[in-house]
Amino acid sequence: MEVPASISAADLERKLGPLDRETYTAQSCERFADTIAEVRALKRERRAVILAHNYQRPEIFEVADFIGDSFELASRAREVKDAEVIVFCGVHFMAETAKVFNPDRKVLIPDLRAGCSLAESVTAEALAERREELLPLYPDLKIVSYVNCTADVKALSDACCTSSNAAKIVNAIDSEHILFVPDQNLANYVQTQTAKQIISWDGNCYVHHQITPEEINKVKSGIPGLVVLAHPECRKDVLALADAVLSTSAMMRYAKESPADKFLIVTECGLSDRLMLEVPEKHFYKACKLCRYMKMITLDGTLDSLKHLRYEIELPEEVRAGAKRALERMLELGA
Ligand code: 13P
Ligand code: SF4
């Protein structure tokens, strides 16, 4: 069943206000340089580390101690050793994962409105209800949750997965019937990589779900030799046009290692910004799609987060422990 985008960009604009869209001029960069120096100094004073997702703004990359995809960020959060504070420049579910692995540290997110349309599409109550409906039909049913969900949904899951290991986790788990939540597109993609039966939830990422095959074909037809890299949150008719289907960090590695020099990056545009910064000798064409949630995080907001030690992520202990079990299972099955 094809579902419309979970929320339209226009509705989100109404909900979150106008996007703080930066134009990078010499003046704005000078202003950033001052704030970057302030953030770095305060980070030392607070004994803080900043973890940032690949979709963040370029000025956030400048203050981050680590930049990565969801899997790398979860793994890195698990290994934090001497910091007292973790500032998470990404979306809420990612910061929750950092808290899951760091119950005794302060985990902060600079803006609590940084949600995710996928995480909002499934609640623990709805998932428990669906599991009860399906269990009489499939007694061996297991739940695999894409990490783009809340900690209480993770706590109900048998294992988590990310875009970099979803098929591996599904194939490794001891069941032939998998209730896969919440991304319908990733579920469809995983179904092409497994003989198991995937029962999917009907959530989607409003950013990737709005990308159409027509847009891809239009760019492809004008640029010979273009290599198309797509994120598995895209619709299947878009994935059918891709040369490779990859997580955001896997796209980084592919673009660096490939002999090709022209790429269409079919995902949120922050990743193209990172590619342009780190691989300046190659050409990157963007999908021109921004995640409003990811872009709620600004450099000024990050500075305020460190100054006022806000906004703190808190999780009830039973939810934290349940989510930790499902995340650890992912790390074990994916190893
Ligand atoms: P990655 O784990 O591939 O970075 O994806 C996270 C995400 O939110 C994609 O929209
Ligand atoms: Fe969620 Fe999509 Fe934004 Fe990723 S890009 S955080 S999946 S809304």
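Computed from a predicted model, the values in this text were never measured in an experiment.

Rules and cut-offs
Residues numbered from 1 in each chain as written. Chains lettered and ligands numbered in written order. Predicted model: local features only at pLDDT ≥ 70, side-chain atom pairs only at ≥ 80, totals over all residues. Heavy atoms only, no water. Near = heavy atom within 4 Å. Polar contact = N/O pair within 3.5 Å; in protein donor to acceptor, adjacent residues only side chain to side chain. Areas by Shrake-Rupley, 256 points an atom, 1.4 Å probe, with all protein chains shown as cover. Nonpolar A, V, L, I, M, F, W, Y, C, P; charged D, E, K, R; others polar. Buried < 20%, exposed > 50% of the residue type's maximum accessible area, 1.4 Å probe, protein only. Helix = DSSP H or I, 4+ residues; strand = E, 2+ residues; numbered from the N terminus. Phe/Tyr/Trp six-rings, centres within 6.5 Å; stacked < 30°, edge-to-face > 60°. Lys NZ or Arg CZ within 6 Å of the ring centre and 35° of its normal. Pairing = 2+ DSSP bridges. Axes fitted to C-alpha atoms, helices over the stretch in contact; angles between N-to-C directions. Parallel < 35°, antiparallel > 145°, perpendicular 65-115°, else oblique. Contact = heavy atoms within 4.5 Å. Right-handed = clockwise from strand over helix to strand, strands pointing away.

Colleague: Can you lay out the site of ligand 1 for me, pointing to particular residues and giving the numbers?
Modeller: Around ligand 1, the surrounding shell consists of His53, Tyr55, Asp69, Ser70, Tyr146, Asn148, Ser163, His208, His231, Glu233, Ser247 and Thr248. Within the side chain of Tyr55, one N or O atom sits 3.3 Å away from an oxygen atom of ligand 1. At 3.3 Å from an oxygen atom of ligand 1 is found a side-chain nitrogen or oxygen belonging to Asn148. Here ligand 1, which alone exposes 300 Å², has 95% of that area covered by the protein.

Colleague: Explain the site of ligand 2 to me, using residue names and the numbers behind them.
Modeller: Neighbouring residues of ligand 2: Tyr55, Val91, Cys116, Ser117, Leu118, Asn148, Cys205, Val207, Glu233, Cys291, Tyr293 and Met294. Looking at the shell around ligand 2 residue by residue, the classes come out as 9 nonpolar, 2 polar and 1 charged.

Colleague: Please provide a residue-by-residue account of helix 14 (residues 269–278), values included.
Modeller: Of all the 10 residues making up helix 14, 7 are buried; the element is thus mostly covered by neighbouring parts of the structure. Restricting attention to buried positions, one finds in helix 14 the residues Cys269, Gly270, Leu271, Ser272, Asp273, Arg274 and Leu275. The N-cap of helix 14, judged by a side-chain oxygen 2.7 Å from the amide nitrogen of Gly270 a few residues on, is Glu268.

Colleague: If you had to explain the packing of aromatic side chains to someone new, which residues and values would you point to?
Modeller: Taken as a whole, this structure holds 3 aromatic pairs when the rule is applied. Taking the centre distance of 5.9 Å and the plane angle of 35 degrees together, the rings of Tyr24 and Phe32 count as tilted. On the basis of relative accessible area, Phe32 is assigned to the buried category, the value being 9%. When the ring of Tyr206 is compared with that of Tyr293, the centres are 6.0 Å apart and the planes differ by 85 degrees; the resulting orientation is edge-to-face. Of this pair, Tyr206 sits in helix 10 (residues 206–209) while Tyr293 is found in the loop between strand 12 (283–286) and helix 15 (299–308), placing the two residues 87 residues apart along the sequence. An identical accessibility class is assigned to Tyr206 and Tyr293; each is buried. In this structure, Arg31 is placed above the aromatic ring of Phe32, and the distance from its NZ or CZ to the ring centre is 5.5 Å. For the cation-ring pair, Arg78 lies above Phe101, with the distance from its terminal atom to the ring centre recorded as 5.9 Å.

Colleague: I'd like to hear about the sheet that holds strand 9 (residues 227–230), residue by residue, with values.
Modeller: Strand order in the open sheet formed by 4 strands is 10-9-11-12, and the pairing between neighbours is parallel. Each edge of the open sheet carries a strand with a single partner, namely strand 10 (244–245) and strand 12.

Colleague: Outline the pairing of strand 9, supporting the account with residue identities and numerical values.
Modeller: The side-chain alternation of strand 9 yields two buried faces, one formed by Val227 and Leu229 and the other by Val228 and Ala230. Looking at chain direction, strand 9 and strand 11 (residues 262–266) are connected through 4 bridges and run parallel. Paired with Leu229 across the two strands is Ile265, which belongs to strand 11. When strand 9 meets strand 10, the two strands line up parallel, connected through 2 bridges.

Colleague: Lay out the packing of helix 5 (residues 92–101) against helix 16 (residues 317–333) with the relevant residues and their values.
Modeller: Packing of helix 5 against helix 16 leaves a shortest axis separation of 9 Å and a crossing angle of 95 degrees. If you check the angle between helix 5 and helix 16, you find them roughly perpendicular. Contact residues: helix 5 offers Thr97, Lys99, Val100 and Phe101, while helix 16 offers Arg320, Ala323, Lys324, Leu327, Glu328 and Leu331. Residues belonging to the contact of helix 5 with helix 16 are distributed by class as follows: 5 nonpolar, 1 polar and 4 charged.

Colleague: An account of the pairing of strand 11 is needed here, citing residue identities and associated values.
Modeller: Extensive coverage of strand 11 is indicated by the burial of 4 of its 5 residues. Read as a crossover between parallel neighbours, the route from strand 11 over helix 14 to strand 12 is right-handed.

Colleague: Kindly report on the environment of Lys282, identifying the contributing residues and their values.
Modeller: Note on placement: Lys282 falls in the loop between helix 14 and strand 12. Note on Lys282: relative accessible area 14%, which makes it buried. A sequence separation of 22 residues divides Lys282 from Ala260, and the C-alpha atoms of the two residues are 8.3 Å apart. Filtering out sequence-adjacent residues up to four positions away, Lys282 remains in contact with Ala255, Lys256, Ser258, Ala260, Asp261 and Phe263. Within the structure, the side chain of Lys282 is placed 2.9 Å from the backbone oxygen of Ala255, a separation counted as a polar contact. For Lys282, the side chain forms a polar contact with the main-chain oxygen of Ala260, separated by 3.1 Å.

Just geometry here; none of it tells us what the structure is for.
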